[in-house]
Amino acid sequence: MHDDRNLVEARLKRVLEERIRPAVHPESVPLDVAVWHAPGEPVPVAEGLAATPEPIAPGAAWGAPWGTSWFTVTATVPAEWAGRTVEALLDLGFDANMPGFQSEGLVYRPDGSPVKGLNPLNQWVRVGSPVEGGERVRLHVEAASNPVILGVPPFQPTQLGDKETAGTAPLYRLGRMDLAVFDETVWQLVMDLEVLGELMAELPADGTRRWELLRAVERALDAVDLQDVNGTAAAARAELTGVLSSPAVPSAHRISAVGHAHIDSAWLWPLRETVRKVARTASNMTALLEDEPDFVFAMSQAQQWAWIKEHRPEVWARVVKAVATGRFVPAGGMWVESDTNMPGSEAMARQFVHGKRFFIDEFGIDNEEAWLPDTFGFAAGLPQIIRAAGSKRLLTQKISWSQTNTFPHHTFLWEGLDGTRIFTHFPPVDTYNCSMSGRELAHAERNFKDKGAARHSLAPTGWGDGGGGTTREMVAKAARVRDLEGSPAVTWETPADFFAKAEAEYPNPPVWVGELYLELHRATLTSQAKTKQGNRRSESLLREAELWAATAAVRTGAPYPYEQLDRLWKTVLLHQFHDILPGSSIAWVHREARRTYERVAEELNGIIDAAQRALAGDGDRTVVFNGAPHTRHGVPGGGARAVSGVRWTEARDRDGGGFVLENDLLRVEIDARGLVVSAYDLTAGRETVPPGQAANLLQLHPDFPNKWDAWDVDEFYRNTVTDLTEADEVSLDGGGVRVRRSFGSSTVTQVLTLDGGRLDILTEVDWHETEKFLKLAFPLDVRADRYASESQYGHTFRATHTNTSWEAAKFEACNHRFVHVEEPGWGVALVTDSTYGHDVTRTVGDSGTTTTLRVSLLRAPRFPDPETDQGAHRFRHALVPGATIGDAVREGYFVNLPERPVTGAGAAEVEPLIMVDDDAVVVTAVKLADDGSGDVIVRFHESRGGRARATLTPGFPVAEVVATDLLERPTGEGTLSVSLRPFELVTLRLKRA
């Protein structure tokens, strides 16, 4: 037989696109359309429905950036359509290639009840099936004219990312607005041909099955009368029955399809628009669930559910009804799909506390899966947190984006820094926006790395990022490949059902130990510095607010601000979403975030101030409160005392220019350039800075990645560097040294002071560079093959060398409060109050090994926010020579939780609510129980990576000690004498006597 494969496949493509697909809606009449443009921000539904619209015709321009327009469409169903299925086709001016990234709409009936969402790949609204003819149709569309930020070509700077700079010119032209007959048979033929055509393309050209499909498709095309597609579609479908009914082979890969709409809580749109995106998607999915009995939809992010409940009660009612059927599934158990690298220990825990509690309170559902398909890498502390929240599984897809190394597993046990293991799955379909295409399904089967030992994978199915969800076309395709020869077998299932099957078939999966580092998007650790500083400061203030409010409640009977703290925690958790905290959202998002963090700080400082004043009493003596977990200057962690005494530092001229700062622990030499050329540990008799080198060195790099500007820094940035060694001023400033520099259009002012064995560096930058990367470098006279950086409830070790591609790929990494470098007997810590990104490298010369630690201060990408990081910034770092890992932990807390002097009674002393007799055991939270019982919750962990035995001493009568999970649910009997494994996390409920 001659090879006519290309001929038939080309025929299929043209006939499908030009003849069969247009016949799905063979008859139509135009709708009458009118529009009302809402002034300013979106209006309530009732206001939009009540407005008086003006006529508008297809082709007319509409929609200023970020505007809202209410369209009213009306028509009468032609009498001759009686008995047929009729749909409204509503094209707002969509680009079919960009679902979720442009204009969208939500359709309402005249009574205000929602019907479904509109997007480029979901433009239809069912009017009746069948219709009687003569019905009057009236629908309203709340249309959002969201601008396209990520266009073609991508990553172009634009002012459209903020309503304040976007202008008012209309962005869209109204498209087809018709009432049309829907031909179910033709639509089913389209689905048949799409599935078979896509499957053919993935099968081997010399395989029998491919040719069987080709011949069947050819017969179907022969059966279609191109002049009467609607009259011959049934005959064409009959030619395909045989090949569509041939079952999958027994060894076929099994795919659990989970309806999904990955909705970024903010990204290329502001938070307020996500509220509407979620409502549109939920409306769509509840409607689809009613039409498709096999379909299952999962939605994560409790915050998004809460938005529906608060802002769209009419949609919420439909969601609650769908959840009750078991097919609209709360997933993930987190408040948002947060970043997991940068959130602090308690914040990461509270993501699960607030997320899981919402689903438990609203639906009685306590799911066991963490659902994070799009998060940019995973910190090694996460498995313990997931387990401590009562969950045991994780799903993500993002690691497939790694550019250097291919992750070796799709189903495995992930072991965290404390030894906790959780069952983890990476969908081999390599997308969280699966559309059920033959290419995607075939890729999932070919790509699955656990073949032979396992056969199940998961496919999150539906349009995402900007929402939209699963379409009826995806459901139809899934039905055809449920049991189809040549294809993986697809079944709609809940995440829990998938994981149960995967665990049962794979009882001994491989183990991955340590962080899941994403070899991409490394610059998200630095972009939008003020957002990151707002997060860190908020975390610290939340710790203090809970601590001092609980202490005041126990000591003085002061009211505990349960509801206020709950609200503030949820606000901070929302802003840890994986495109807000990482700095990868539009300008509008970060502008709002800065204002939000200011309000959060004002409220939390108010809580702290009120509690401390209640504790300090009346008087005129200074009482110092220490919110850190360790004793500082005689004040115990979590307590307060009236403190006297002055710490001394000598500041003097240095031979050869510059100055020397010295106290009884540390001598630091700062040369005439304002660089640290010596940091001498007087206790150990050890120099920190290598001979001939200088620390506190600002370095400037060009920063123009190949793509993903706000997200990425590519390794070639290191090829070019400018050391900022010229100083405009080096002078004494009280007990410290002031250094001022200028470069490009920017200036930097630093103040260097000593605090005990610590060199504090306050850096203020007025930043006006573009596409540049600013680093602060500390070459250290330390030989180390690895270094530690703080993570949630512990620290992670990373190599300083690049022996393998895995190590070389980690050229920018995350820390929380400290990075620590050590050789046996002596180490150095660098602590920070707000930066996360850093790099560590090593060189070997005649004088030995130099380990250079550099913190990342600022970037200046132009997409998606062309003004990223422009303006004034303030950073605090501290160099701690001679530091052990315990010193690094302690000093990190000290820098982030400054002492608070309060005027109070002369003899005032506030005893801590809890004291621990081993500094290796760090208390991360002291609060009252969320249930309002008045019980005290204490959370602590081993912080140094070793074993610890400690006794906790409460500062109040305790009737009972109960061990709990993160949600404060009992897990067993507790004890105040604890033995902890390395990095072990414990939560205790202390019931007050």
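Trainee: Got a sec to walk through the sheet that holds strand β54 (residues 985-992)? Specific residues and values, please.
Mentor: Strands pair in a sheet through their backbones, by hydrogen bonds, and they do so in one of two ways: parallel or antiparallel. One open sheet accounts for five strands, arranged β48-β49-β54-β51-β52; its pairing is antiparallel. A single partner strand is all that each edge strand has here, and the edge strands are β48 (921-928) and β52 (970-973). Averaged over all pairs of adjacent strands, the angle between strand axes in this sheet comes to 30 degrees, irrespective of strand direction. Examined bridge by bridge, strand β51 (residues 958-964) and β54 share six bridges and lie antiparallel to one another.

Trainee: I'd love a proper account of helix α15 (residues 529-556), names of residues and values included.
Mentor: With 28 residues, α15 extends 39 Å between its outermost C-alpha atoms, agreeing within 8% with the 40 Å of an ideal straight helix rising 1.5 Å per residue. A large share of α15 lies buried, amounting to 24 of its 28 residues. Two residues or fewer after α15 comes Gly-557, characterised by a positive phi angle close to 80 degrees.

Trainee: Which residues make up the pairing of strand β43 (residues 848-859), and what values go with them?
Mentor: Within β43, 11 of the 12 residues are buried, which leaves it mostly tucked inside the rest of the structure. Relative to β43, strand β42 (residues 837-845) runs antiparallel, the two sharing eight bridges. Among the inter-strand pairings, Val-840 is bridged to a residue of β43, identified as Leu-853. Here β42 hands over to β43 after two residues, the two strands then running antiparallel side by side.

Trainee: Tell me what's going on with the sheet that holds strand β47 (residues 914-916), and back it up with residues and numbers.
Mentor: Read from one edge to the other, the open sheet built from three strands follows the order β47-β50-β53, with strand pairing classed as antiparallel. One side of each edge strand has no neighbouring strand; the edge strands of this open sheet are β47 and β53 (977-980). Taken pair by pair, the neighbouring strands of this sheet meet at an average axis angle of 30 degrees, ignoring direction. In this structure, strand β50 (residues 948-954) lies alongside β53, joined through four bridges in antiparallel fashion. Of the residues in β53, the one forming a bridge with Ala-950 is Val-978.

Trainee: Break down the packing of aromatic side chains for me, citing the residues and quoting the values.
Mentor: Under the defined criterion, the tally for this structure stands at 36 aromatic pairs. By the ring-pair criterion, three or more aromatic residues cluster together here, those being Phe-295, Phe-297, Trp-305, Trp-316, Phe-328, Trp-335, Phe-358, Phe-359, Phe-363 and Trp-492. Above the plane of the ring of Trp-269 lies Lys-277, whose end atom (NZ or CZ) is 4.2 Å from the centre. Sitting over the ring of Tyr-836, Arg-536 keeps its end group 4.6 Å from the ring centre.

Trainee: Which residues make up the environment of Gly-736, and what values do they have?
Mentor: Its location among the elements puts Gly-736 in strand β33 (residues 736-743). A residue is classified by how much of its surface remains accessible, and Gly-736, at 0% relative accessible area, is buried. Once the C-alpha coordinates of Gly-736 and Glu-202 are considered, the two residues, 534 residues apart in sequence, prove to be 69 Å apart.

Trainee: With reference to specific residues and values, describe the nonpolar core.
Mentor: Nonpolar side chains tend to gather and get buried jointly when the protein is soluble and globular. By size, the foremost hydrophobic cluster in this structure holds 188 residues, and its most contacted members are Ile-20, Trp-305, Phe-328 and Phe-940. Phe-328 has contacts with Ala-282, Met-285, Thr-286, Leu-289, Phe-297, Met-299, Trp-305, Val-319, Ala-322 and Val-323, leaving out every residue within four places of it along the chain. Among the nonpolar cores identified, the runner-up in size contains 45 residues, and Ala-679, Val-737, Leu-759 and Ala-784 belong to it.

Trainee: Lay out the pattern of salt bridges in plain terms, naming residues and giving numbers.
Mentor: A full pass over the atoms with the stated rule returns 81 salt bridges. Taking the shortest distance from any N to any O, the salt bridge between Arg-219 and Glu-239 comes out at 3.5 Å. Of this pair, Arg-219 sits in helix α4 (residues 208-223) while Glu-239 is found in the loop between α5 (229-238) and α6 (241-244), placing the two residues 20 residues apart along the sequence. Judged by relative accessible area, which is 40%, Arg-219 ranks as partly exposed. Given a relative accessible area of 33%, Glu-239 falls into the partly exposed group.

Trainee: Run through empty space enclosed by the protein, naming residues and quoting values.
Mentor: Under the counting rule described, the total for this entry stands at eight cavities of 30 Å³ or more. Taken as a whole, the largest cavity holds about 260 Å³ of empty space. Gly-344, Ser-345, Glu-346, Glu-539 and Arg-817 are the residues nearest the centre of the largest cavity, which is lined by 20 residues in total. Those elements that place two or more of their residues in the lining of the largest cavity are α10 (345-363), α15, α19 (885-896) and β48.

So, how was this worked out
- Residues numbered from 1 in each chain as written.
- Predicted model: local features only at pLDDT ≥ 70, side-chain atom pairs only at ≥ 80, totals over all residues.
- Heavy atoms only, no water.
- Pairing = 2+ DSSP bridges.
- Helix = DSSP H or I, 4+ residues; strand = E, 2+ residues; numbered from the N terminus.
- Axes fitted to C-alpha atoms, helices over the stretch in contact; angles between N-to-C directions.
- Expected span 1.5 Å × (residues − 1).
- Buried < 20%, exposed > 50% of the residue type's maximum accessible area, 1.4 Å probe, protein only.
- Phe/Tyr/Trp six-rings, centres within 6.5 Å; stacked < 30°, edge-to-face > 60°.
- Lys NZ or Arg CZ within 6 Å of the ring centre and 35° of its normal.
- Core = buried A, V, L, I, M, F, W, Y, C linked by side-chain atoms within 4.5 Å.
- Contact = heavy atoms within 4.5 Å.
- Salt bridge = Lys/Arg side-chain N within 4 Å of Asp/Glu carboxyl O.
- 1 Å grid on protein atoms, 1.4 Å probe; cavity = no way out; pocket = protein on both sides within 12 Å on 5 of 7 lines; lining within 4 Å.
- Points joined across faces, edges and corners; volume = space filled by probe spheres on them.

The quantities given are spatial measurements derived from coordinates; they are silent on function.
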